[in-house]
Amino acid sequence: DVAQVGQRYGIPQMIDAGVVTPVEAYMSTEEMDNIHDGLWSRYEYNGERYAVPFSSSTPGLWINATLFEEAGLDPENPPQTWDEVVEAGQALTADTDGDGEIDQWGLGTCADIPWYMRPMVLQAGGTLVADDGTVSVNSPESVEMLTFFQDAVHTNEIMPAMGHQTAEEDFVNGTFGMLFCSTSVRATFQETVGDSFDLQVAHLPENEQRAVGVGGNGLIAIETGDDARQEAAQTFLKWMIDTDQMVNLAMNSGYVPVTQSALEDPRIQELIASDPLVATIYDQLQYVADSSISPADSLIWDGFLFSVESVQTDASADPQSLLDTLQEEIDAYMETYEKHSQRRFIAGGSRG
């Protein structure tokens, strides 16, 4: 009766099937306001909240501070913009053994690269999912985002083509100077890197504005038709995000506390004071802003992945053309989806 759901796999479809209880039905305004406002952005649909942020994370810019210093860069002043990432990446990229091949790269991205692409559209001033649910992936801002990754390989030469497949392992082995990756890997990175190099993390770089994506999973309460069961499930769900549970989750994983009460808890404040990485990660919560969920989320994800791999392996690939094709696929899917939902609504089968 309570489920943890991945934000890019079918939450709108479950909502439109009438099996998810709106959050406002069991959480007060005060309870909802206790959750960081930006984290709600990936759990809103048609103006309503349906899932509650739970095991949440943000993307960050991980830094090999040792390589920064060797390249004459100041790790205490990490890149703040896309342009500064390119500048630092060029200083970090090198043929360290003199064999004519680059073996140290300036920038890498973890395998879930569409997660970093999505907020970059917002950073450029664009919108992926409008308030009315319209999806736009071929805007000038999306083209600017995709061009950044194409240029990173072919023009600025700070990133290897298809390097995201092994980027996390390569980063901890000292191959990348910077890495776009989830902040939830903090504990893993700290343990794996050890004292092999100085590990630091910075806010996700901005462009026209700063925007940080929402990762992780949320909780939904399921419509069962049994009032007693639903009330019990909703009570349990709210217990899962109370202060003690959020503190425990944050202390024992890389996930961020989703509530303000947990962030202000003395145990979390002690963790922030004792670990500069945690301090930076939690400070970044103020910039969290993402697109609302859409029935086309999986198409956006897969399409972004195909597009970035296309431009990174082909210098002549046209970002606008790739994104136009993706837009056509999404438009066709949404037209079919909306017609199906409307038929179901007219038939009285669900919310529609």
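Being a predicted model, the structure only gives us computed values, none of them experimental.

Draft legend 1. Region of interest: a negative patch on the surface. Together, Glu69, Glu70, Asp74, Glu76 and Asp198 make up a region of like negative charge exposed at the surface. Position of Asp74 among the secondary structure elements: in the loop between α3 (65–70) and α4 (82–92). Residue class for Asp74 comes out partly exposed when judged on its relative accessible area of 37%.

Draft legend 2. Here's a closer look at the packing of aromatic side chains. By the definition in use, this model includes 9 aromatic pairs. Centroid distance Trp82 to Phe148: 5.5 Å. Interplanar angle 55°. Geometry classified as tilted. In this pair, Trp82 is assigned in helix α4 and Phe148 in helix α6 (residues 140–154), connecting sequence segments 66 residues apart. Residue Phe148 is classed as buried on the basis of its relative accessible area of 9%. Through a chain of ring-to-ring contacts, the aromatic side chains of Trp62, Phe171, Phe189 and Phe197 assemble into a single cluster. The residue whose ring lies beneath Arg210 is Tyr287, and the NZ or CZ to ring-centre distance is 5.2 Å.

Draft legend 3. Molecular detail of α6. Along its 15 residues, α6 runs 20 Å from first to last C-alpha, staying within 8% of the 21 Å computed at 1.5 Å per residue. Considered for burial, the residues of α6 that qualify are Ser142, Val143, Met145, Leu146, Phe148, Phe149, Gln150, Ala152 and Val153.

Draft legend 4. Spatial organisation of unusual backbone geometry. Backbone geometry at Glu157 places phi at a positive 55°, although glycine is not the residue there. Looking at the element boundaries, Glu157 is found in the loop between α6 and α7 (167–172). For Glu157, a relative accessible area of 45% corresponds to the partly exposed category. Although it is not a glycine, Met162 adopts a positive phi angle of roughly 60°.

Draft legend 5. A look at the layout of surface pockets. Considering only enclosed or pocket space, the largest pocket measures out at about 450 Å³ in volume. Together, 25 residues line the largest pocket, and Asn46, Ala130, Asp132, Gly133 and Thr134 are the ones closest to its centre. Listed by contribution, the elements that provide at least two residues to the lining of the largest pocket are β2 (44–45) and α15 (319–346). Its residues assigned to classes, the lining of the largest pocket comprises 9 nonpolar, 9 polar and 7 charged. Taken as a whole, the second largest pocket spans an internal volume of roughly 230 Å³. Lining the second largest pocket are 16 residues, with Arg8, Asp112, Trp115, Gly215 and Gly216 positioned closest to its centre. In terms of residue count, strand β9 (residues 215–221) provides more of the lining of the second largest pocket than any other element does, 3 residues in total.

Draft legend 6. The pairing of β9, seen in detail. Within β9, 5 of the 7 residues are buried, which leaves it mostly tucked inside the rest of the structure. The sheet contact formed by strand β4 (residues 52–57) and β9 spans 5 bridges and is antiparallel. When the sheet's bridge partners are listed, Val52 is paired in β9 with Leu219.

Draft legend 7. Geometry of helix α8 (residues 186–193). Within the span of α8, buried status applies to Arg186, Phe189 and Val193. The buried residues of α8 occupy an angular sector of 65° when projected down its axis, which confines them to one face. Each element contacted by the buried residues of α8 is listed here: β5 (59–64), α7, β7 (176–182), β8 (199–202), α10 (243–251) and α13 (276–283). Downstream of α8 by a residue or two, Gly194 has a phi angle that is positive, lying close to 55°.

Draft legend 8. Up close: the side chain of Thr21. Of note, Thr21 is situated in the loop between α1 (11–16) and α2 (29–33). For Thr21, a relative accessible area of 4% puts it in the buried group. Setting aside residues up to four positions removed in sequence, Thr21 forms contacts with Tyr26, Tyr50, Ala221, Ile222, Glu223, Gln230 and Gln234.

Draft legend 9. Looking closely at empty space enclosed by the protein. Applying the stated criterion to the full structure yields 2 cavities of 30 Å³ or more. Empty space within the largest cavity amounts to approximately 80 Å³. Forming the boundary of the largest cavity are Arg8, Arg42, Pro114, Arg118, Leu128, Val129, Ser291, Ser292, Asp297, Ile300, Trp301 and Phe304. If you list the elements that add at least two residues to the lining of the largest cavity, you get α5 (114–123) and α14 (297–313). Counting residues per element, the lining of the largest cavity draws most heavily on α14, which supplies 4 residues. Here the lining of the largest cavity is composed, by residue class, of 6 nonpolar, 2 polar and 4 charged.

Draft legend 10. Geometry of the packing of helix α12 (residues 266–274) against α13. Running from N to C, α12 and α13 point in directions that differ by 115°, and their axes come no closer than 5 Å. Contacts between α12 and α13 involve Ile268, Leu271, Ile272 and Ser274 from the first element and Pro276, Val278, Ala279 and Tyr282 from the second. For the contact of α12 with α13, the residue count by class is 7 nonpolar, 1 polar and no charged.

Basis of the calculations
Residues numbered from 1 in each chain as written. Predicted model: local features only at pLDDT ≥ 70, side-chain atom pairs only at ≥ 80, totals over all residues. Heavy atoms only, no water. Patch = residues over 30% accessible without salt bridge, like charges linked within 9 Å, V, L, I, M, F, W, Y side chains within 5 Å. Areas by Shrake-Rupley, 256 points an atom, 1.4 Å probe, with all protein chains shown as cover. Salt bridge = Lys/Arg side-chain N within 4 Å of Asp/Glu carboxyl O. Lys, Arg positive; Asp, Glu negative; His and termini not counted. Charge placed at Lys NZ, Arg CZ, Asp CG, Glu CD. Helix = DSSP H or I, 4+ residues; strand = E, 2+ residues; numbered from the N terminus. Buried < 20%, exposed > 50% of the residue type's maximum accessible area, 1.4 Å probe, protein only. Phe/Tyr/Trp six-rings, centres within 6.5 Å; stacked < 30°, edge-to-face > 60°. Lys NZ or Arg CZ within 6 Å of the ring centre and 35° of its normal. Expected span 1.5 Å × (residues − 1). 1 Å grid on protein atoms, 1.4 Å probe; cavity = no way out; pocket = protein on both sides within 12 Å on 5 of 7 lines; lining within 4 Å. Points joined across faces, edges and corners; volume = space filled by probe spheres on them. Nonpolar A, V, L, I, M, F, W, Y, C, P; charged D, E, K, R; others polar. Pairing = 2+ DSSP bridges. Arc of directions from axis to C-beta. Contact = heavy atoms within 4.5 Å. Axes fitted to C-alpha atoms, helices over the stretch in contact; angles between N-to-C directions.

The values are spatial; any link to function lies outside them.
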